[in-house]
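Residues per chain are reported as follows:
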Amino acid sequence: MRINPIYRQESRAGARSFKLPLIILGFNSVLAVVALLYMYSMITQVRLTAEIQYSSFLGLYSFVATVEFVLLLFIIPGLTAGAISGERERQTLDLMLTTRLKASDIVFGKLVQELSTVFLLIVSSFPILGLVFIYGGVTMPDVGLLLLCYVVTAVLLGSAGLFCSAVARRSTIATVAAYSVAVILIAGTLVANYLADGLGEMASAGGGSAVCWQMYLLLWNPAATFQSVLNSQMGSGSGLAPLFPQLERIADMGMIGRYWRPVSMAVQLLLAAAFLWGAVRKTRPAGKRRR
Amino acid sequence: MVRIENLKKVFGRTVALDGLNMTVEQGALYGFIGPNGAGKTTTIKTIIGLLSPDEGRVLVGDIDVAREPGRVMARIGYVPDSFGVYDNLKVSEYMEFFASCYGLAGLKARKRGQMLLEQVGLDDKAEFYVEGLSRGMQQRLCLARALIHNPPVLIMDEPTAGLDPRTRYEFKEILKELQSQGKTILISSHILPELAEICTDIGVIDQGRMVFEGTMEEILAQINVASPLLISVSGSRQEALKLLRAHPEVETITIREEEIVVGFSGDKKDEGALLKQLVDAGVNVYGFVRERENLESVFMQITDHGDEEVVLIHED
């Protein structure tokens, strides 16, 4: 099997740099500290009250998973934002485009490299997430679903970062744009929901808000999908639940509500595909575009 | 081998290429010269498919770059004016990476890489990191990289810019060797004497148009360079200047240190007659020669837009 040359070159260069080990160290250190502090607070509580609540051990899972998700949100756009603009700045992009490589090879090579880094981060964090298996309550399919949610988020934000990187001439601008897209997708859709909800409530004079168009905006939001996954495993009230009260109404959304998680993941993958298509188009040299 | 037909390219309001025609014969070492902003890099980027022409076409062999860019890329090696290297790769890894970009892998790619590194004199640096190489070495590595897929055509955009004379000399020798191997080489450069030494053909581009194209012999023979006469006289120059001013074929007279520089439109016979006139008039002439024609003077003449006219300068 022919390995994508960009992926191989990036992996080789990545393995030599201090950046990746530092990211893994920082990422797992934060997770470990958070998990151990949480466990310490649980044990202290048990000592004080002499009462063991097994639900609080499940809380460890949702807490660690949420912290990991938030860390990934911060890391992923930064991993891909400089991918293509960096090649342009180094003046190696033109060289690659004059070889037999297609723009799609370059974009997908960069994406696969980013995904492998994210996958490495997630896998390296398994021992910390695995603390919860000491007490039970979380099954392997639950962890698998969480992993899938992380991967979909990585694909979406990574693709957005690649698109910004292909459009912007400078890596700094690409990085700002990639984080802006992430904020729009996560905070933007959420704020739009709150605003629309507020306006809807005013219009119906406090008669309660029904399922409206703005709910569908949350399908684009990876944080909403993550919360929905946690809700399905832990029940509502865990993780980022206070931020997403709207998710309690998804049951009223009919078919989409019933399959909210797969539908939202599919929507996000479609959006990622659109970003990748845009990145390929922007990377492809003018002389190779079909006229 | 490379044929450009009526190429036009406009960026906004700027006409970069205005109906450019150009032919690079197989096996030629083609010097592509022109002033800054003449359209050299735009032409090169169009040949290698990084830019699309607004009109016209580019053929490499018989393949139209716009229609089959993939096939053309397999036939072209490109050396840009910047090095385009990865600092965190070793020299051998850098070669392997670009080999894999052309679909070459394994032992074949490694052998080809080693052979090319040997050719450019970097075989002993194969396990060095690229960032540790000097500027000249990085440029030679860039050349080796461009040859990794054994292309019949090599296109180089200002490859010797910023290199020291010794490295430029070595680079020139490598180019000669490549040409002897049958490669067709298109090289754009500002260092005109270098091109004059190694090139078989020259193309001069100005304001997006090809203003002269031909062999080195043709360029020097066909163009009326009108190199000035350099006349050196001892004693007073008054008599010589008086005579020169009155001569119908003298167009300009300039004093340059010890010499009188005369724009003279006459031929060899007229030159002889003028010399005789000067000597007969009692002028002590100890130097009388046409300024040697070179590529630089040709280039200056061709790309002179008439806004820098030579003026008649009198000594007193």
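A quick note: this is a predicted structure, and the numbers were derived from the prediction, not measured. (Residues numbered from 1 in each chain as written. Chains lettered and ligands numbered in written order. Predicted model: local features only at pLDDT ≥ 70, side-chain atom pairs only at ≥ 80, totals over all residues.)

J.: Sorry if this is basic, but what is going on with the overall build of chain B here?
T.: Per the secondary structure count, chain B includes 11 helices and 14 strands. For chain B, the C-alpha radius of gyration of 25 Å lies well beyond 20 Å, the compact-globule estimate for 316 residues. Each principal axis of the C-alpha distribution contributes one length, and for chain B these read about 80 × 45 × 30 Å. Taken across its 316 residues, chain B has 38% of its residues classed as buried. (Helix = DSSP H or I, 4+ residues; strand = E, 2+ residues; numbered from the N terminus. Rg over C-alpha atoms; globule rule 2.2 N^0.38 Å. Buried ≥ 20, exposed ≤ 12 C-beta atoms within 10 Å, placed from the backbone.)

J.: Sorry, what's going on with the overall build of chain A here?
T.: Counting its secondary structure elements, chain A contains 13 helices and 0 strands. Ordered by position from N to C terminus, the α and β elements of chain A give α-α-α-α-α-α-α-α-α-α-α-α-α. Over its C-alpha atoms chain A spans a radius of gyration of 21 Å, differing by no more than 12% from the 19 Å that the globule rule assigns to 291 residues. Taken along the three principal axes of its C-alpha coordinates, chain A extends 70 × 50 × 35 Å.

J.: What is the right way to look at the interface of chain B and chain A in this model?
T.: When the parts of a complex come together, some accessible area is lost, and that lost area is often taken as the interface size. If you look at the interface, chain B gives 27 residues, while chain A gives 24 residues. Among the secondary structure elements, those contributing two or more residues to the side of chain B that touches chain A are α2 (69-73), β6 (76-79) and α3 (91-101) of chain B. With 5 residues, α3 of chain B is the largest single contributor of residues to the side of chain B that touches chain A. The residue inventory of the side of chain B that touches chain A, partitioned by class, reads 17 nonpolar, 9 polar and 1 charged. (Contact = placed C-beta atoms within 7 Å. Nonpolar A, V, L, I, M, F, W, Y, C, P; charged D, E, K, R; others polar.)

J.: Help me out: how do you make sense of the sheet that holds strand β14 (residues 284-290) of chain B in this one?
T.: Neighbouring strands of a sheet are bound in pairs by backbone hydrogen bonds; such pairs are parallel or else antiparallel. All names here are of chain B. An order of β12-β13-β11-β14 is seen for the 4 strands of this open sheet, with the pairing classed as antiparallel. Strand pairing shows two members of the sheet lacking a second neighbour, β12 (250-256) and β14, which therefore form its edges. The mean angle between the axes of side-by-side strands here comes to 20°, regardless of whether they run parallel or antiparallel. Across 4 bridges, strand β11 (residues 229-234) lies against strand β13 (residues 259-264) in antiparallel orientation. (Pairing = 2+ DSSP bridges. Axes fitted to C-alpha atoms, helices over the stretch in contact; angles between N-to-C directions.)

J.: Teacher, can you tell me more about the nonpolar core here?
T.: Most often, soluble globular proteins keep nonpolar side chains buried together rather than apart. Grouped together as the largest cluster of nonpolar side chains are 141 residues, with contacts concentrated most on Leu162 of chain A together with Ile155 of chain B. Looking at this core, the element that brings in the most residues is helix α8 (residues 140-167) of chain A, giving 13 residues. With sequence-adjacent residues up to four places away left out, Leu162 of chain A is seen in contact with Thr80, Ala83, Ile84, Val107, Lys110, Leu111, Phe275, Leu276 and Ala279 of chain A. (Core = buried A, V, L, I, M, F, W, Y, C linked by C-beta atoms within 7 Å.)

J.: Would you explain the packing of helix α1 (residues 5-16) of chain A against α3 of chain B in this entry?
T.: The description of two helices packed together rests on the angle between their axes and the distance between the axes. Packing of α1 of chain A against α3 of chain B brings their axes to within 9 Å, and their N-to-C directions diverge by 160°. In terms of orientation, α1 of chain A lies roughly antiparallel with respect to α3 of chain B. Helix-helix and strand crossings are classified by hand; for α1 of chain A and α3 of chain B the assignment is left-handed. Residue-level inspection shows Pro5, Arg8, Gln9 and Arg12 of chain A of α1 of chain A in contact with α3 of chain B, the latter providing Glu93, Phe97, Ser100 and Cys101 of chain B. The class makeup of the residues in the contact of α1 of chain A with α3 of chain B is 3 nonpolar, 2 polar and 3 charged. (Parallel < 35°, antiparallel > 145°, perpendicular 65-115°, else oblique. Left-handed = near helix turned anticlockwise from the far one by under 90°.)

J.: Looking at this structure, I do not really get the sheet that holds strand β3 (residues 29-33) of chain B. What am I missing?
T.: Residues and elements named next belong to chain B. Spatial ordering of the open sheet is given by β6-β7-β8-β3-β9-β10, a layout of 6 strands whose pairing is mixed. Each edge of the open sheet is held by one strand with a lone partner, namely β6 and β10 (209-215). With direction set aside, neighbouring strand axes in the sheet form an average angle of 15°. With respect to the sheet, helix α1 (residues 40-47) is in contact with β3, β7 (153-157), β8 (184-188) and β9 (201-206), its orientation differing from that of β7 by roughly 150°. Set on the sheet, helix α6 (residues 165-180) makes contact with β3, β7 and β8; between it and β8 the angle comes to about 150°.

J.: In this structure, what is going on with the environment of Val10 of chain B? I would like to understand it.
T.: Residue and element names in this part refer to chain B. Take Val10: it is sitting in strand β1 (residues 2-11). For the pair Val10 and Gln277, spaced 267 residues apart in sequence, the C-alpha separation works out to 55 Å. When sequence neighbours within four positions are dropped, the list of residues in contact with Val10 reads Val15, Ala16 and Asp54.

J.: Looking at this model, I keep getting lost on the domain arrangement of chain B. Mind explaining?
T.: Annotation of chain B at the domain level lists domain 1 (2-220) and domain 2 (229-292). Here the C-alpha centre of domain 2 of chain B lies 45 Å away from the C-alpha centre of domain 1 of chain B. (Domains from an automatic or database assignment.)

J.: Looking at this structure, I do not really get the pairing of β13 of chain B. What am I missing?
T.: If a strand is regular, its side chains alternate between the two faces of the sheet. Only one face of β13 of chain B is buried: it carries Ile260, Val262 and Phe264 of chain B, and the other face, with Glu259, Val261 and Gly263 of chain B, is open. Counting the residues between successive antiparallel strands, the hairpin from β12 of chain B to β13 of chain B contains 2 residues, one of them, Glu257 of chain B, with a positive phi of roughly 50°.

J.: Hey, could you run me through helix α9 (residues 238-246) of chain B in this one?
T.: Because an α-helix completes one turn every 3.6 residues, residues spaced three or four positions apart along the sequence face the same direction. Residue and element names in this part refer to chain B. Inspection of α9 places Ala240, Leu241 and Leu244 among the buried residues, and these make up the whole buried set. Seen end-on, α9 carries its buried residues on one side only, within an arc spanning 95°. Within α9, the exposed residues directed more than 90 degrees away from the buried face are Gln238, Lys242 and Ala246. On its buried face, α9 sits against β11, β12, β13 and α10 (268-280). (Arc of directions from axis to C-beta.)

J.: Looking at this structure, how should I read unusual backbone geometry?
T.: Generally, phi is negative for residues other than glycine and the peptide bonds are trans, each holding for most cases. Residue and element names in this part refer to chain B. The backbone of Asn6 shows a phi angle near 45°, a positive value even though the residue is not glycine. Mapping Asn6 onto the fold places it in strand β1. Here the phi dihedral of Gln207 falls at roughly 50°; this positive angle occurs in a residue that is not glycine. Position of Gln207 relative to the elements: it lies in the loop between β9 and β10. For Gln207, a count of 16 C-beta atoms within 10 Å corresponds to the partly exposed category.

J.: Explain the confidence of the model for chain B to me, please; I cannot follow it from the model alone.
T.: Close inspection of predicted coordinates is inappropriate for parts of the model with low pLDDT. Residues and elements named next belong to chain B. Residues of chain B with pLDDT of at least 70 account for 91%, and the chain-wide mean is 84. Counted against residues more than four places away or in other chains, residues 307-316, with its pLDDT under 50, gives 11 contacts. Confidence metrics for the complex model read pTM 0.80 and ipTM 0.80. (pLDDT = per-residue confidence, 0-100.)

J.: Please explain the environment of Gly282 of chain B as it appears in this structure.
T.: Position of Gly282 of chain B among the secondary structure elements: in the loop between α10 and β14. Between the C-alpha atom of Gly282 of chain B and that of Gly235 of chain B, which follows or precedes it by 47 residues, the distance is 11 Å.

J.: Would you explain the pairing of β10 of chain B in this entry?
T.: Residues and elements named next belong to chain B. Here β9 pairs with β10 via 6 bridges, running antiparallel. Note that in β10 the partner of Asp201 across the bridge is Thr215. Hairpin remark: β9 followed by β10, antiparallel, with 2 residues in the connecting loop; positive phi at Gln207, about 50°.

J.: Before we go on, may I ask you to explain the confidence of the model for chain A in this structure?
T.: On average, residues of chain A score 85 in pLDDT, and 93% of them are at 70 or above. Averaged pLDDT values over the elements of chain A bottom out at 78 in helix α12 (residues 254-258) of chain A and peak at 94 in helix α13 (residues 260-283) of chain A.

J.: When you look at the environment of Lys45 of chain B in this model, what are you seeing that I'm missing?
T.: Residue and element names in this part refer to chain B. Inspection of the secondary structure puts Lys45 in helix α1. For Lys45, a count of 23 C-beta atoms within 10 Å corresponds to the buried category. In this structure the C-alpha to C-alpha distance between Lys45 and Pro80, which are 35 residues apart in sequence, comes to 9.5 Å. Dropping the residues within four chain positions of it, Lys45 is found in contact with Leu50 and Leu51.

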